[in-house]
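What the coordinates show
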Amino acid sequence: MSKQQGPAQVKSKFIGQPLDRVDGRLKVTGAAKYAAEFSAPNMAHAVLVQSTVTRGKVTKIDIEEAKRAAGVIDVLTHDNAPPAKRPSVPPGGQSQPLLFNEVVFSGQNVAVVIAETLEEAEHAAELVRIEYAAEPHEVNLEDQIDKAFLPGTGQRQPISKRGDVDAGLAQAAVKVDQVYKTPTEHHNPMEPHATLAIWSDDEHVTAYDATQGVSNSSRALSDVFGLEPKNAHVINPFVGGGFGCKGQAWPHLPIAALAAKAVKRPVKLALTRRQMFTSNGHRPETHQALTLGSSNVGRLSAIRAEMVNDTSRLESFVEPTGNDSALTYSCPNVSVRQQLVRLDIGAPTYMRAPGESSGSFSIETAMDELAIALNMDPIDLRLRNYAEKDERSDRPFSSKSLKECYRQAADAFGWSKRDPKVGSMREGRMLVGYGMATASYPANYWGASARATLHDDGSVLIQCGTQDLGTGTYTILTQVAADGLGIHPDKIRVEIGDTHLPPAPGSGGSNSAASTGSAVHNVSAALRDALVGLATSATGGPLNNVAPSDLVIESGRISSKKEPSKSITYVEILKAAGKKELQQEATAQAGRERGGTGTKGYTMQGFGAQFCEIHIDPDLGMMRVARWVGAFALGTVLNAKTLTSQLQGGIIWGIGMGLLEETFMDPVYGRYVNSNLAEYHVPVHKDAPPIQVILVPEEDDIVNPVGVKGAGEIGITGAAAAIGNAVYHATGKRIRELPITLDKIL
Ligand code: MOS
């Protein structure tokens, strides 16, 4: 018998089960510790002082009164702080000082006050007197739209072209030519950013940091302070939401470390809710000019997308709103261009489904407008232009089950009961609208490493330098390890959120389940194979010289398939080998970058279908989403409960985007005016209708070792367009500017 016949068979089926969160008890009892809840002996507190003008120079900073205030240890400004620069993030940005004396947006960090208590630091921060030579500022995207420019090579591809758009439009029988707009939005996670920085000596810092990427925070600290990467130790066991604003290291992180270094004590710095509107990015405002050309039977002949978003004076951030226009539908002639307008505002950044959430609003609304113009069902129009491959890069999809998503969602929703006539459906005195749209988001997979250790009590420790944003990472990794090793989840403990663990990327772009799931899949297989190797090579043991393919593993016991009485447990294997523990490390390596050219020659993308019913008061314009059905095909389901929950969360974000969310800018002062949770409207429980999520079965053995397409972001995509399309169906009013508020309906 040869050992080349294949691995042992594992009998275990925890992947896919709707397991409760393994960290649920810690969360609901308050035992789960978030960054701001950590403390250290002799800890001081820091409070940021931010600019009150929008553009200009700092001419004088008087810190004397603040320094004399009770409890104040020090006040750092551009003039007296040790030199340190924020590294250039995102790519294309400039390296920036941490504390500024030139102001290019309102809310820029000018000083930091360090005191014995938080209250003393807050009080003293108000005593820092700053004089400015203010200059005129520009904060309005539409005023500057003529100055839009094409960015250089940054992290995004600003242009996508195929065929001849002018020719395609010239031959079109029907056209849609409109501008769609989405406003500035902010992430507003429940947990604000916070950092506790502790230096053990000049070369070693430890930071408890609220972040979507302990590895990102570590890199930023090592860059800013010139430390060995391993000496910038970042810890973050739990995250209270991120949605993109914790995706990169913002200046408050190195400022906390700078303050700790200056006062030679541990320093904690937490952002206020108001500071969360200027200190960690926003979803940029977009202006999306979209032209569709179609034959009179609804076959697309041309798509032209001229997209613009705002960015800051310091960085060039492209919100790739054109992705969906280039990818979602089959069309021979496509031109997408994404330009930027520089404003005196803070840097924009990734926010849940960056690009696709805003960009699906334009293409999915325009497709609805085209369906109306053609007198065609919007699903039929989409099926008529179904993209069998990625025409943008002429590659097949690793898998695509969108037709099945349309079908299952339409069935469950009852789309066939829709009277297509606008304004024809009512419930009581309320107007009823049905709307639908396509959802789509890249299946990112960046790879990761993991370590698995079997102990002599039969327990297994899984370690990985990822983090759980609240989405269920602890739980899904437990399930993947359970099936990889053939043991019960109760025997597994997952340790994450620490850069001293095997490296993993930041949790962004919905990559974590795919990346860390694959790493844990691989390391579990490695540990299992090592145990099988010990069992089959143990002279005198029950499985000595049995081929692995003749073995079956269940509940931590390896047995011979032919003679089930011959078996040995994992614990017995360790004992026989005289080991206290057995450890393996493994890496899952990615062969593809987001939106880039794949080494495997496939485009990997998740798809879904969004259907909603909206009720509108015909006299008052008040709107309520009455119910929602979303069907998504995302490869392997690791946990039906956490996956459904993520998709529901995304859809609720979509309802926020469609009806509620908008950050208002005061044009005179150049600052956001609703920078609090009372005036920045996120959906609350009453805004969330019954949401049915359908998980459409899909197998994809190309996308990554666990076959997973991430689900953190796709739930929001298409949602705002589905709402707008339902609003049109109910009222005949086409709203092309989000959010759809009642003043726009009446
Ligand atoms: Mo997501 S916006 O990549 O956290």
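Look up a bit, the structure's there.
Residues numbered from 1 in each chain as written. Predicted model: local features only at pLDDT ≥ 70, side-chain atom pairs only at ≥ 80, totals over all residues. Heavy atoms only, no water.

1. Structural notes on the overall build of the protein
The number of helices and strands found in the protein is 16 helices and 34 strands. By its C-alpha atoms, the protein is 85 × 75 × 50 Å across when sized along the principal axes. Pairs at least 24 apart in sequence give 80% of the contacts found in the protein among residues at least 6 apart. Accessible surface, the protein: about 28200 Å² in total, of which carbon and sulfur atoms supply 50%. Taking the 74 positively charged and 82 negatively charged side chains of the protein as two groups, their mean positions are separated by 4 Å. (Helix = DSSP H or I, 4+ residues; strand = E, 2+ residues; numbered from the N terminus. Contact = heavy atoms within 4.5 Å. Areas by Shrake-Rupley, 256 points an atom, 1.4 Å probe, with all protein chains shown as cover. Lys, Arg positive; Asp, Glu negative; His and termini not counted. Charge placed at Lys NZ, Arg CZ, Asp CG, Glu CD.)

2. Some thoughts on the nonpolar core
In terms of nonpolar packing, the biggest core is built from 94 residues, with Leu292, Leu370, Phe611, Ile614, Trp628, Ile723 and Ile740 touching the most fellow members. Examining the composition of this core, we find that eight residues originate from one element, helix H15 (residues 719-731), more than from any other. Filtering out sequence-adjacent residues up to four positions away, Ile740 remains in contact with Met623, Gly658, Leu659, Ile723, Gly724, Val727, Ile735 and Ile745. (Core = buried A, V, L, I, M, F, W, Y, C linked by side-chain atoms within 4.5 Å. Buried < 20%, exposed > 50% of the residue type's maximum accessible area, 1.4 Å probe, protein only.)

3. Some points on the sheet that holds strand S34 (residues 691-695)
Spatial ordering of the open sheet is given by S21-S22-S30-S31-S34, a layout of five strands whose pairing is mixed. The outermost strands of the open sheet, each flanked by one partner alone, are strand S21 (426-427) and S34. The strands that helix H10 (residues 402-413) touches are strand S22 (430-442), strand S30 (605-616), strand S31 (623-633) and S34; relative to S30, the one it contacts most, it runs at about 25°. Strands in contact with helix H14 (residues 640-659) are S30, S31 and S34; relative to S34, the strand with the most contacts, it is inclined by about 130°. (Pairing = 2+ DSSP bridges. Axes fitted to C-alpha atoms, helices over the stretch in contact; angles between N-to-C directions.)

4. Some points on the sheet that holds strand S26 (residues 551-554)
Spatial ordering of the open sheet is given by S1-S26-S27-S28, a layout of four strands whose pairing is mixed. Each edge of the open sheet is held by one strand with a lone partner, namely strand S1 (9-10) and strand S28 (567-569). When S1 meets S26, the two strands line up parallel, connected through two bridges. Bridge pairing links Val10 to Ile553 in S26. On the sheet, helix H12 (residues 512-537) packs against S1, S26, strand S27 (557-560) and S28 and is oriented at approximately 125° with respect to S26.

5. As for the packing of helix H5 (residues 214-225) against helix H6 (residues 252-263)
The relative placement of two packed helices comes down to the angle between their axes together with the axis-to-axis distance. Running from N to C, H5 and H6 point in directions that differ by 50°, and their axes come no closer than 10 Å. Looking at the two axes, H5 sits oblique to H6. Helix-helix and strand crossings are classified by hand; for H5 and H6 the assignment is right-handed. Listed contacts from H6 to Ser217, Ala220, Leu221, Val224 and Phe225 of H5 are Leu253, Pro254, Ala257, Leu258 and Lys261. Residue classes in the contact of H5 with H6 are distributed as eight nonpolar, one polar and one charged. (Parallel < 35°, antiparallel > 145°, perpendicular 65-115°, else oblique. Left-handed = near helix turned anticlockwise from the far one by under 90°. Nonpolar A, V, L, I, M, F, W, Y, C, P; charged D, E, K, R; others polar.)

6. Describing the pattern of salt bridges
Considering all chains together, one arrives at 34 salt bridges under this definition. As a salt-bridge pair, Arg265 and Glu116 come within 2.8 Å of each other at their nearest N and O atoms. Of the two residues, Arg265 sits in the loop between H6 and strand S15 (267-270) while Glu116 sits in the loop between strand S8 (109-115) and helix H3 (118-125), which places them 149 residues apart along the sequence. Judged by its relative accessible area of 15%, Arg265 is buried. Accessibility expressed as a relative area gives 37% for Glu116, which makes it partly exposed. Two residues, Arg451 and Glu585, come together in a salt bridge whose shortest N-O distance is 3.1 Å. Taken together, the residues Arg451 in strand S23 (residues 447-455) and Glu585 in strand S29 (residues 581-589) connect sequence positions 134 residues apart. Arg451 sits in the buried class, given a relative accessible area of 16%. For Glu585, a relative accessible area of 47% translates into the label partly exposed. Each of Arg55, Arg313 and Asp344 takes part in one network of salt bridges that share partners. (Salt bridge = Lys/Arg side-chain N within 4 Å of Asp/Glu carboxyl O.)

7. What about the pairing of S31?
For S31, the tally of buried residues reaches eight of 11 residues, placing the bulk of the element in the interior. Once S30 ends, the chain turns through six residues before running back antiparallel as S31, passing Gly621 with a positive phi of about 75°. Two strands pair when backbone bridges link them, and S31 and S34 are joined in this way by five bridges, in the parallel orientation. Within the sheet, the bridge partner assigned to Gly630 lies in S34 and is Val693.

8. Structural notes on the packing of aromatic side chains
Enumeration over the complete set of coordinates arrives at 14 aromatic pairs. Arranged with centres 5.2 Å apart and planes meeting at 85°, the rings of Trp199 and Phe225 form a pair that is edge-to-face. Residue Trp199 is located in strand S12 (residues 194-201), and its partner Phe225 is located in helix H5; the two are separated by 26 residues in the primary sequence. Accessibility classification places Trp199 together with Phe225 in one group, the buried group. Relative to Trp415, the ring of Phe413 has its centre 6.3 Å away and its plane inclined at 45°; by these criteria the two rings are tilted. As far as burial versus exposure is concerned, Phe413 and Trp415 are alike and both buried. Residue placement shows Lys400 over the ring face of Tyr386; its charged tip is 4.1 Å from the ring centre. It is Arg734 that lies over the ring of Tyr728; its NZ or CZ is 4.2 Å from the centre. (Phe/Tyr/Trp six-rings, centres within 6.5 Å; stacked < 30°, edge-to-face > 60°. Lys NZ or Arg CZ within 6 Å of the ring centre and 35° of its normal.)

9. A closer look at a nonpolar patch on the surface
Together, Leu620, Met622, Leu742 and Leu746 give the surface a local cluster of nonpolar side chains, amounting to about 390 Å² of exposed area. For Leu746, the position within the fold is in the segment after helix H16 (742-745). (Patch = residues over 30% accessible without salt bridge, like charges linked within 9 Å, V, L, I, M, F, W, Y side chains within 5 Å.)

10. Details of a negative patch on the surface
Together, Asp201, Asp202, Glu203 and Glu228 line one region of the surface with negative charge. On the secondary structure map, Glu203 appears in the loop between S12 and strand S13 (204-209).

11. Side note on the packing of helix H11 (residues 473-485) against H12
With their axes 8 Å apart at the nearest point, H11 and H12 run at an angle of 30° to one another. With respect to their mutual orientation, H11 and H12 come out roughly parallel. The hand of the H11/H12 crossing is right-handed. In contact with Thr473, Ile476, Leu477, Val480, Ala481, Gly484 and Leu485 of H11, H12 contributes Ala513, Thr516, Gly517, Val520, His521, Ser524, Leu527 and Arg528.

12. Thoughts on unusual backbone geometry
Between Leu738 and Pro739 the backbone carries a cis peptide bond, its omega angle lying at -10°. Here Pro739 shows up in the loop between H15 and H16. Not every positive phi belongs to a glycine, and Asn188 is a case in point at roughly 50°. Here Asn188 shows up in the loop between strand S11 (174-182) and S12. Phi at Asn545 is positive, roughly 70°, even though this residue is not glycine. Mapped onto the secondary structure, Asn545 falls in the loop between H12 and S26.

13. Section: the environment of Asp419
As for its position among the elements, Asp419 is in the loop between H10 and S21. C-alpha separation for the pair Asp419 and Ala44, spaced 375 residues apart in sequence, amounts to 65 Å. In contact with Asp419, other than residues within four places in its own chain, are Ser424, Met425 and His729. A polar side-chain atom of Asp419 sits 3.4 Å from a polar atom in the side chain of Ser424. (Polar contact = N/O pair within 3.5 Å; in protein donor to acceptor, adjacent residues only side chain to side chain.)

14. Overview of H14
Each turn of an α-helix holds 3.6 residues, which means side chains three or four residues apart point in the same direction. Here H14 is 20 residues long and its end C-alpha atoms lie 28 Å apart, about the 28 Å a rise of 1.5 Å per residue gives. Within H14, 14 of the 20 residues are buried, which leaves the element mostly enclosed by the surrounding structure. (Expected span 1.5 Å × (residues − 1).)

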